[in-house]
Amino acid sequence: MHASFLSRRSLLRSAGLGAAYLASPLCIAQVQGKNIASTTPPGAWEAAHRSILLPAFSRATGGSVSLVASQPLDTLSKVIASKANPPFDVIMLDEGPYLAALSQDIFEKIPVDKVPNLAEVPSRLVDPRGLGVFVSGQIIGIAYNTDKIKTPPKSWSDLLKPEFKGRVGLASMGSTLVSAWMVEIARLNGGSEENMEPAFQFVKKLLPNVGAIASSPGALATLFQQGQIDIAVHYNNNVGDLQAKGVPIALTRPDTGWIHIKSSMHIVKNSRNPDLAAAYINAALSPEVQTKMAAEPYFVVPVSKKAVLSPGLQAYAKTVEEIEKMSRVDWAKLNPRRGEYIERFNREVKV
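The model shown is predicted, which means the values in this text are computed figures rather than measured ones.

Cut-off values and rules
- Residues numbered from 1 in each chain as written.
- Predicted model: local features only at pLDDT ≥ 70, side-chain atom pairs only at ≥ 80, totals over all residues.
- Heavy atoms only, no water.
- Helix = DSSP H or I, 4+ residues; strand = E, 2+ residues; numbered from the N terminus.
- Rg over C-alpha atoms; globule rule 2.2 N^0.38 Å.
- Buried < 20%, exposed > 50% of the residue type's maximum accessible area, 1.4 Å probe, protein only.
- Contact = heavy atoms within 4.5 Å.
- Areas by Shrake-Rupley, 256 points an atom, 1.4 Å probe, with all protein chains shown as cover.
- Lys, Arg positive; Asp, Glu negative; His and termini not counted.
- Charge placed at Lys NZ, Arg CZ, Asp CG, Glu CD.
- Core = buried A, V, L, I, M, F, W, Y, C linked by side-chain atoms within 4.5 Å.
- Axes fitted to C-alpha atoms, helices over the stretch in contact; angles between N-to-C directions.
- Parallel < 35°, antiparallel > 145°, perpendicular 65-115°, else oblique.
- Salt bridge = Lys/Arg side-chain N within 4 Å of Asp/Glu carboxyl O.
- pLDDT = per-residue confidence, 0-100.
- Pairing = 2+ DSSP bridges.

(A) Looking closely at the overall build of the chain. A count of helical and extended segments in the chain gives 14 helices and ten strands. A globule of 351 residues ought to have a C-alpha radius of gyration of about 20 Å, and the chain, at 19 Å, matches this closely. Dimensions of the chain along its principal axes, counting C-alpha atoms only, are 55 × 55 × 35 Å. Residues classed as buried in the chain amount to 59% of the 351 residues present. Considering only residue pairs separated by 6 or more positions, the chain has 73% of its internal contacts joining residues 24 or more positions apart. Put simply, the chain shows about 14,000 Å² of open surface, and 51% of that area lies on carbon and sulfur atoms. Charge separation in the chain, taken as the distance between the mean sites of 38 positive and 30 negative side-chain charges, equals 2 Å.

Spelled out as structure tokens, the structure:
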């Protein structure tokens, strides 16, 4: 095998990207004129961006977007593999993959003068190097089928109950959803981001109840919709999207509290249209888009100080400040071993 490939593979693995790199085909987007290519996580995110963000961007710029549904780790592996001719102009990542990718030199500095809505984002949510900005947040709790489960689950330990045998759903640990949940389980059982053994022991006990392991949170939502699972670790926006489709589902707060994760947007270095890429991020940060994304059915946590926190989001927390006090992951501690953890999860957690 060529030495440069080994080096890149080693880098990806240390950042938790190895499995994604090996599994992802290279997809080069042709960006011309007033078109850019951007990524979005699959599922509710894609639906929200197509229905809210893309029309707002088009109205503001006259431009169009080739939107590609892609898990953050897959997104990064494609960009890293083709730095000189990147497949995307703007990418959306979760906090862990974003921090892991800083060393890869794939982000362009955001031109502040071309993103005026940045002024309404708290400075703590903007990359201090200017290489990205958080655009939204999500809340993790216990999703359950309200037709099948009449008493809302009260704790993560409830997933172990024998009545849920074969009815629990999980996503892969390559997703931020399950990585964040595993950290929470580790902490609650004496571990941490750097000691995930208690989380793996919990999942080992959970396996008899696991009926399916989805490739992504979006695929996990589909399993609920198809009636293949009744209870799962899930995001509030996926649950809201399913409720809008008539699925009997609710999200309940574990007794140890909600988990909060954040997502960021970045301009990719060597983008063919960096000005339009900046305009896309500006549209994502606009009070209009932020407020609509925060409303039913998506309930995405906004970052703009001018956005309105919808009644649906206020069911989880009354203010953005309250949301930011929820349990979070220290990605700087998790990332160095995340690739190792993902590989172990893939080996040990099978239905």
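(B) Here's a closer look at the nonpolar core. Ranked by internal contacts, the top residues of the largest apolar core, which has 65 residues, are Ile-140, Trp-156, Met-173, Trp-181 and Met-182. When residues of this core are assigned to their parent elements, the largest contribution, eight residues, is made by helix H6 (residues 176-188). Excluding anything up to four places from it in sequence, Ile-140 contacts Trp-156, Leu-177, Ala-180, Val-233, His-234, Tyr-235, Trp-258, Ile-259 and Ile-261. Core analysis: the second largest hydrophobic core is formed by 50 residues, Leu-53, Leu-54, Leu-118 and Val-303 among them.

(C) Spatial organisation of the packing of H6 against helix H14 (residues 331-348). Relative orientation of the contacting elements H6 and H14 amounts to 105 degrees, with a least axis distance of 11 Å. In terms of orientation, H6 lies roughly perpendicular with respect to H14. Facing Thr-176, Val-178, Ser-179, Met-182 and Val-183 of H6, the residues of H14 in contact are Trp-331, Leu-334, Arg-338 and Phe-345.

(D) Geometry of the pattern of salt bridges. Scanning the entire structure with this criterion turns up 17 salt bridges. The shortest N-O distance in the salt bridge between Glu-193 and Arg-187 comes to 2.5 Å. Take Arg-187: its relative accessible area is 32%, and that puts it in the partly exposed class. With its nearest N and O atoms 3.2 Å apart, the salt bridge here joins Asp-241 to Lys-245. Here the salt bridges do not stand alone but share partners, grouping Arg-59, Glu-288 and Lys-292 into one network.

(E) Highlighting the confidence of the model for the chain. In the predicted model, the chain carries a mean pLDDT of 90, and 91% of its residues have values of at least 70. In this model, residues 1-12 is a region of pLDDT below 50 whose contacts with residues beyond four sequence positions or in other chains number 14 contacts. This stretch, residues 18-32, has a pLDDT under 50; its non-local contacts, to residues over four places away or in other chains, come to 32 contacts.

(F) Structural view of the pairing of strand E8 (residues 231-235). Taking burial as the measure, the five residues of E8 include five buried ones, the bulk of the element. Going residue by residue along E8, you find Ile-231, Val-233 and Tyr-235 tucked away on one face and Ala-232 and His-234 tucked away on the opposite face as well. The pairing of strand E5 (residues 133-145) with E8 spans five bridges and is classified as antiparallel. Paired with Ile-140 across the two strands is Tyr-235, which belongs to E8. Note: strand E6 (residues 168-171) against E8, two bridges, orientation parallel.

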